[in-house]
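Residue-level structural notes
These are the residues of each chain, in order.
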Amino acid sequence: MATRHPYLVTHTSSPVSRHGVIAVAQITLVEAINLALKHEMERDSGVVVLGQDVGVDGGVFRATLGLSERFGPERVIDTPLAEALIAGMTIGMAVEGLKPIAEIQFSGFAYTVIDQIVNHAGRMRHRTRGRLSCPMVLRTPCGAGIHAPEHHSESPEAMFAHIPGIRVVYPSSPRRAYGLLLAAIRDPDPVVFLEPTRLYRLFREEVADNGEALALDACFTLREGTDVTLVTWGPMVPETLAAADELAEHGVAAEVIDVATLKPLDMDTILASVARTGRCVVVTEAPRTASFASEIAAGLADEGLLTLLAPVQRVTACDVVVPFSRLEDQYIPGKARIVAAAKKALAFA
């Protein structure tokens, strides 16, 4: 059984759609995940949920709370503590016509599923020349900032994005978590859905349980600006927006883009923004070397070099293992580093 921590078990009730009525409420990101799961399980009897502690306990972060009571153990399946088994079961279910949603309890334990994702999930459509697809979702909490051990605090988005044949989605707010998870579940191909633990209960947002999916493979422009483009995703969105606020106090209009779907990447939105501002700062919580920030910087060098007025700045974590909680604030890039990178870009004439 999973170890219990006080920060994992606090929760409030989520709104539930009643027949003919759309429920709207101020909810947290983790409640939005739960709401999307409920909606799709009610809409499609082929949707099943599986993973360690997802049933009786409702998941270690309570993302699957109440699903077992509503849909039964046949559709909400508690598995052994065996991530490779969870991934293998999920792929088998998907190939046979179900729409499984697997939860890996923490992203640091997702490395054992890579064999299944690389060699089977990502290749199924290609291997069978389109005869079979693999409509599965692999959910896992990601990121530091909750005072957990290092295996509970990884940011592996670049590793997953490197795998051909899968989508990688990383929401940053309750509304986007709800809409993007609906889209991921409905997608005919495998999706890795990363969930920022630091944002699970950080703030609330009004979410309508209307079943409307948001577009995958598209960036979201959260704030318009003319002087510098700040590009980020997942847990770093609040810090980036805060940096944009501070820059505005100094007369700098920063445009903020939430990538949301890392793979396939909507490079067109980023290129169009940088063509207007001439400067770009890419922000990620992951370590610097071979991070997804490097992929975006390379894309700008390939296709947007002539619009750049300054070198692309990358704000990342250091190339170290996630430290224990006393040093987490030094590990996670903060507002000050983002502002400093923007000012460095602006210093170029």
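It should be emphasised that the depicted structure is a prediction, and the values quoted were computed from it without experimental measurement.

**Focus: the pairing of strand β5 (residues 137-142)**
Extensive coverage of β5 is indicated by the burial of six of its six residues. Side chains Val 137, Arg 139 and Pro 141 of β5 all project onto a buried face; the interleaved residues Leu 138, Thr 140 and Cys 142 project onto the opposite face, where all are buried too. When strand β4 (residues 99-103) meets β5, the two strands line up parallel, connected through three bridges. Across the sheet, Ile 101 pairs through a bridge with Val 137, a residue of β5. Where β5 meets strand β7 (residues 191-196), six bridges bridge the pair, whose relative direction is parallel. In the sheet register, Arg 139 faces β7, and the bridge partner there is Phe 193.

**Some words on the environment of Thr 64**
Take Thr 64: it is sitting in the loop between β2 (47-51) and α3 (67-71). When the C-alpha positions of Thr 64 and Val 76 are compared, they lie 8.7 Å apart, and in sequence the two are 12 residues distant.

**Remarks on the environment of Glu 328**
The residue Glu 328 is located in helix α12 (residues 328-331) in this model. The exposure class assigned to Glu 328 is buried, which follows from its relative accessible area of 1%. Through-space distance from the C-alpha of Glu 328 to that of Thr 112 is 25 Å; in sequence the pair is 216 residues apart. Other than its neighbours up to four places away in sequence, Glu 328 contacts Ala 144, Gly 145, Ile 146, His 147, Ala 148, Ser 153 and Pro 323.

**Some thoughts on the sheet that holds strand β6 (residues 167-169)**
The strand order across the open sheet formed by seven strands is β3-β2-β4-β5-β7-β6-β12, and the pairing between neighbours is mixed. Both outer strands of the open sheet, β3 (76-78) and β12 (261-263), are each paired with one neighbouring strand and no more. The average undirected angle you get between the axes of adjacent strands in this sheet is 20 degrees. Strand contacts of helix α8 (residues 174-186): β2, β4, β5, β6 and β7, with the helix running at about 160 degrees to β7, the strand carrying the most contacts.

Reading the values: the criteria
Residues numbered from 1 in each chain as written. Predicted model: local features only at pLDDT ≥ 70, side-chain atom pairs only at ≥ 80, totals over all residues. Heavy atoms only, no water. Buried < 20%, exposed > 50% of the residue type's maximum accessible area, 1.4 Å probe, protein only. Helix = DSSP H or I, 4+ residues; strand = E, 2+ residues; numbered from the N terminus. Pairing = 2+ DSSP bridges. Contact = heavy atoms within 4.5 Å. Axes fitted to C-alpha atoms, helices over the stretch in contact; angles between N-to-C directions.

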